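# Coordinate analysis (summary)
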Amino acid sequence: MPETLPPSNHPPSNHLNQVKSHLNFLVRYLKPLWPKALLMGLLLLSSIALQLIVPQILRFFIDTAAEASRQQLPLNEAINLLIRSAFGFLAVALGNQILTASATYVASDVGWSATNKVRSDVAEHCLKLDMSFHNARTPGELIERIDGDVTALANFFSQFSVKVFGGLISMAVILVLLYAENLIIGIVMSIFSLISFALLYQRREMAVPASHQEREASAKLFSFIEERLMALDDLRANGAGAFTMRQFNKVSSEFFFSNFRAWMMRLRIWLMSYGLFVAAEIIALGLASYFFLTGNITLGTAYLLYQYMLMLESPIEQITQQMQDLQRAVASIGRINKLLAEKSRIQDKGQGGLDRGALSLHFEDVRFGYEQKEVLKGISFELEAGKVLGLLGRTGSGKSTLSRLIFRFYEINAGSIRLNAQDICEIPLAELRQHVGMVTQDVQLFHASVRDNLSFFDSSIKDEDMVAILEELGLGGWLGRLEQGLNTLIAPGGSSLSAGEAQLLAFARVFLKDPGLIILDEPSSRLDPVTEALLEKAVNKLLLGRTAIIIAHRLESVARADEIMVMRDGVVLEHAPRLTLAQDPHSHFYQLLNASTRRHGDHQIHDEDYLEIDKKDLALA
């Protein structure tokens, strides 16, 4: 669906297609809620019926009082009639209030149930999209798309169809009653109604582009706030607070003026209809007064006609308000449909499966790039089941990209990746990611309990299994110190866990998952020696009976590796058993060992060491 609706001078077929699309959207999410939607409609229509009865009761009351004042009706009889009509008025008014309150409650229930379903569908759709989609958008923007755009549809779902339909019925009934009371006033009010609807139809899309810009500005503001909050420490450390606030004022000003422009555009419709209301009130009041003074109608009938005229204003104003909400909804529906139209490059059509236990891995002439930049240039290697591969290379060589392709976070451009001789494209994504685990140096924790952070919200994992894993990893004492044990809430980014404890929790997640292939992406690079030693024990246990890839910058991290593979600029420079390369003075790995010993003396290796070796022009691949 297009981002914005076309101008009103476009062919009618375009408008019909858009209306059909919006109605389909409405029906899709209201259909499961049809009992509540039907109840909401009945309550609103019943409320409208009671509202139409009220002027009839008041006319009877006024005419009865007038007859009593002219002594055309006995006083006692008039008083009894007035008391009964007063109680009738109160009963109808109370019933109307109960029906209105009930309809409002049901409408809110329908609106939020429908929008929650839309929000869930959009969130699930975004989670299924590949990483190239998420790399092009900030989390703040997606939050606004998933929550802000959907929230704007709450009224569209809860009241639009019923209020527009109910308003039309109410108008038709009022016009019929006006015709029955006085032909001239009925004709005048009909003309007023037709002019109002003609203006509404002509201006129905006036605010759609502005409303769309309003939603875009809101997404931009959320994106800005999210990015700056994530970089709060760096901003403070570098004294960028004042600059950030100036940028924030600029973005928030754009958001304010976008909202203001959209509000003004929507306000124009209301102003036009309000001007017509004022003119209609003057005409109706003048006609009612004229017919009363000439003796053609009673005072109660004059009041009745004026009240019906005012009531005629209500559904028109109600429909006008719905038209304003519709323009907001149209902009949101357009953005939601565009988001739902995004297709993942990763097609989950696999039917195969993987056995438990260590997995063999085979890359065959794999090529991959981000947009126009090729990152992996024909990578080929094979890793036997149960073997550990140490993956070395300077920043930007393609190490992390290679590991993420195994999970199918991205689709490769050419070649194939096989686990146990089975192409990963033939394995369902859930099955694939269940058999491959990863631990990185940046551990993602959730604002949830220890249990949920370990199990990733999988309730089928038993508490005793989690406790046993934590004990095995040396976190038993830490768990014992928590007052609520596994129910203790963890605050991401706070001081509830040290970096080492967070890393060990990440290892516990992988133990519970029990994958056949493990990828360790420098998980101990930020830890102190004592914590790192504890983590090394966890690594030793984790690698037992599993295939593993250890991505490292420090050579001691790959001391346990069976094989070493060195990468540079997206190609494999060398791949062989670790001991073979360590003893070959012409190998890159041998040169890295020597460079590390000369430069640091503690077997640490950094990017500058790779640069130094490059200068020696070791063309040994």
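Residues numbered from 1 in each chain as written. Predicted model: local features only at pLDDT ≥ 70, side-chain atom pairs only at ≥ 80, totals over all residues. Heavy atoms only, no water.

Within the protein chain one finds 21 helices and 10 strands. Within the protein chain, counting contacts between residues at least 6 apart in sequence, those at least 24 apart form 77% of the total. For the protein chain, the accessible area works out to roughly 31,100 Å², and carbon and sulfur atoms hold 59% of it. (Helix = DSSP H or I, 4+ residues; strand = E, 2+ residues; numbered from the N terminus. Contact = heavy atoms within 4.5 Å. Areas by Shrake-Rupley, 256 points an atom, 1.4 Å probe, with all protein chains shown as cover.)

A few words now on the pattern of salt bridges. The final tally for this structure, using the stated rule, is 14 salt bridges. Of the charged contacts, one joins Asp-463 and Arg-451 as a salt bridge, the two residues approaching to 3.0 Å between their closest N and O atoms. One end of the pair, Asp-463, is in helix α15 (residues 463-472); the other, Arg-451, is in helix α14 (residues 450-455), and 12 residues separate them in sequence. By relative accessible area, Asp-463 is classed as partly exposed at 31%. Residue Arg-546 is joined to Asp-514 by a salt bridge in which the shortest nitrogen-to-oxygen separation is 2.6 Å. Taken together, the residues span a long stretch of sequence, with Arg-546 in the loop between α18 (529-543) and β8 (547-551) and Asp-514 in the loop between α17 (499-513) and β7 (517-521) at a distance of 32 residues. (Salt bridge = Lys/Arg side-chain N within 4 Å of Asp/Glu carboxyl O. Buried < 20%, exposed > 50% of the residue type's maximum accessible area, 1.4 Å probe, protein only.)

This part takes up unusual backbone geometry. Look at Asp-365: it is not a glycine, yet its phi comes out positive at around 50°. Of note, Asp-365 is situated in strand β1 (residues 361-370). Overall, the relative accessible area of 38% leaves Asp-365 in the partly exposed class. We note that Ala-421 has phi near 65°; this positive angle belongs to a residue other than glycine. Tracing the backbone shows Ala-421 in the loop between β4 (414-419) and β5 (422-423).

The next subject is the pairing of β8. Within β8, five of the five residues are buried, which leaves it mostly tucked inside the rest of the structure. Burial along β8 is two-sided: the residues Thr-547, Ile-549 and Ile-551 and Ala-548 and Ile-550 are all buried. Direction of pairing for strand β3 (residues 388-392) relative to β8: parallel, over a ladder of four bridges. Paired with Leu-391 across the two strands is Ile-551, which belongs to β8. Bridge analysis of β7 against β8 gives five bridges, and the strand direction is parallel. (Pairing = 2+ DSSP bridges.)

Looking now at helix α5 (residues 139-151). Between its first and last C-alpha, α5 extends 18 Å over 13 residues, near the 18 Å set by a 1.5 Å rise per residue. Considering bend angle alone, the principal kink of α5 is centred on Arg-145 and spans about 25°. (Expected span 1.5 Å × (residues − 1). Bend = angle between axes of the 7 residues up to and from the residue.)

Formed by 45 residues in total, the largest nonpolar core has its most connected members in Leu-392, Leu-505, Phe-507 and Leu-520. Considering every element that reaches this core, the biggest residue donor is α17, with eight residues. Once residues lying within four places of it in the same chain are set aside, the contact partners of Leu-505 are Leu-445, Leu-454, Leu-470, Leu-475, Trp-478, Ile-490 and Leu-497. Core analysis: the next-biggest nonpolar cluster, separate from the first, contains 37 residues, Tyr-29, Ile-57, Val-106 and Val-110 among them. (Core = buried A, V, L, I, M, F, W, Y, C linked by side-chain atoms within 4.5 Å.)

Running from amino to carboxyl end, helix α2 (residues 34-69) crosses helix α3 (residues 75-128) at an angle of 160°, the nearest separation of the two axes being 8 Å. Relative to α3, the element α2 is oriented roughly antiparallel. The hand of the α2/α3 crossing is left-handed. Its residues assigned to classes, the contact of α2 with α3 shows 24 nonpolar, 10 polar and two charged. (Axes fitted to C-alpha atoms, helices over the stretch in contact; angles between N-to-C directions. Parallel < 35°, antiparallel > 145°, perpendicular 65-115°, else oblique. Left-handed = near helix turned anticlockwise from the far one by under 90°. Nonpolar A, V, L, I, M, F, W, Y, C, P; charged D, E, K, R; others polar.)

Take a nonpolar patch on the surface next. The grouping of Leu-75, Ile-79, Ile-83, Phe-87 and Leu-90 at the surface amounts to a nonpolar patch, some 520 Å² of accessible area in total. Mapped onto the secondary structure, Ile-83 falls in helix α3. (Patch = residues over 30% accessible without salt bridge, like charges linked within 9 Å, V, L, I, M, F, W, Y side chains within 5 Å.)

This paragraph deals with the sheet that holds β7. Spatially, the six strands line up as an open sheet ordered β6-β7-β8-β3-β9-β10, and their pairing is mixed. The sheet terminates laterally at β6 (436-440) and β10 (571-577), the two strands that pair on one side only. Across this sheet, the average inter-strand angle for adjacent strands is 15°, counted without regard to direction. Against the sheet, helix α12 (residues 399-406) contacts β3, β6, β7, β8 and β9 (563-568), and its axis sits at roughly 150° relative to β7. In this fold α17 packs onto β6 and β7, with an angle of close to 175° to the strand it touches most, β6.

Read from one edge to the other, the open sheet built from four strands follows the order β2-β1-β4-β5, with strand pairing classed as antiparallel. Here the strands that pair on one side only, and so sit at the sheet edges, are β2 (373-383) and β5. The pairing of β1 with β4 spans five bridges and is antiparallel. Looking at the pairing, Arg-367 lines up with Ala-414 of β4. Strand contacts of α12: β1, β2 and β4, with the helix running at about 115° to β1, the strand carrying the most contacts.

The next thing to look at is the packing of aromatic side chains. Applying the stated criterion across every chain, the model contains 12 aromatic pairs. With a centroid separation of 5.1 Å and 10° between ring planes, the pair formed by Phe-407 and Phe-409 is classed as stacked. Phe-409 gets classed as partly exposed once you look at its relative accessible area, which sits at 26%. (Phe/Tyr/Trp six-rings, centres within 6.5 Å; stacked < 30°, edge-to-face > 60°.)

When β1 meets β2, the two strands line up antiparallel, connected through eight bridges. Of the residues in β2, the one forming a bridge with Arg-367 is Lys-377.

Attention now moves to the confidence of the model for the protein chain. Low-confidence regions, as indicated by low pLDDT, have predicted coordinates that should not be scrutinised in detail. With 87% of its residues at a pLDDT of at least 70, the protein chain reaches an overall mean of 79. Mean pLDDT per element in the protein chain: helix α21 (residues 607-615) is the minimum at 41, and β4 is the maximum at 94. For residues 1-12, every residue scores under 50 in pLDDT, and the model assigns this stretch 27 contacts once sequence neighbours within four places are set aside. (pLDDT = per-residue confidence, 0-100.)

Running from N to C, α3 and α5 point in directions that differ by 160°, and their axes come no closer than 9 Å. Overall, the two elements α3 and α5 adopt an arrangement that is roughly antiparallel. Crossing angle aside, the handedness with which α3 passes α5 is right-handed. Every residue of α5 that contacts α3 at Trp-112, Thr-115, Val-118, Arg-119, Val-122, Ala-123 and Cys-126 is listed here: Ile-146, Asp-147, Val-150 and Thr-151. Across the contact of α3 with α5, the residue classes break down as seven nonpolar, two polar and two charged.

Secondary-structure assignment places Glu-563 in strand β9. No salt bridge is formed by the buried Glu-563. Its closest oppositely charged neighbour is Lys-387, at 5.8 Å. Separated by 2.7 Å, the side chains of Glu-563 and His-575 make a polar contact. In contact with Glu-563, not counting residues within four places along its chain, are Glu-382, Leu-383, Lys-387, Val-388, Leu-389, Gly-390, His-575, Ala-576, Pro-577 and Arg-578. (Lys, Arg positive; Asp, Glu negative; His and termini not counted. Polar contact = N/O pair within 3.5 Å; in protein donor to acceptor, adjacent residues only side chain to side chain.)

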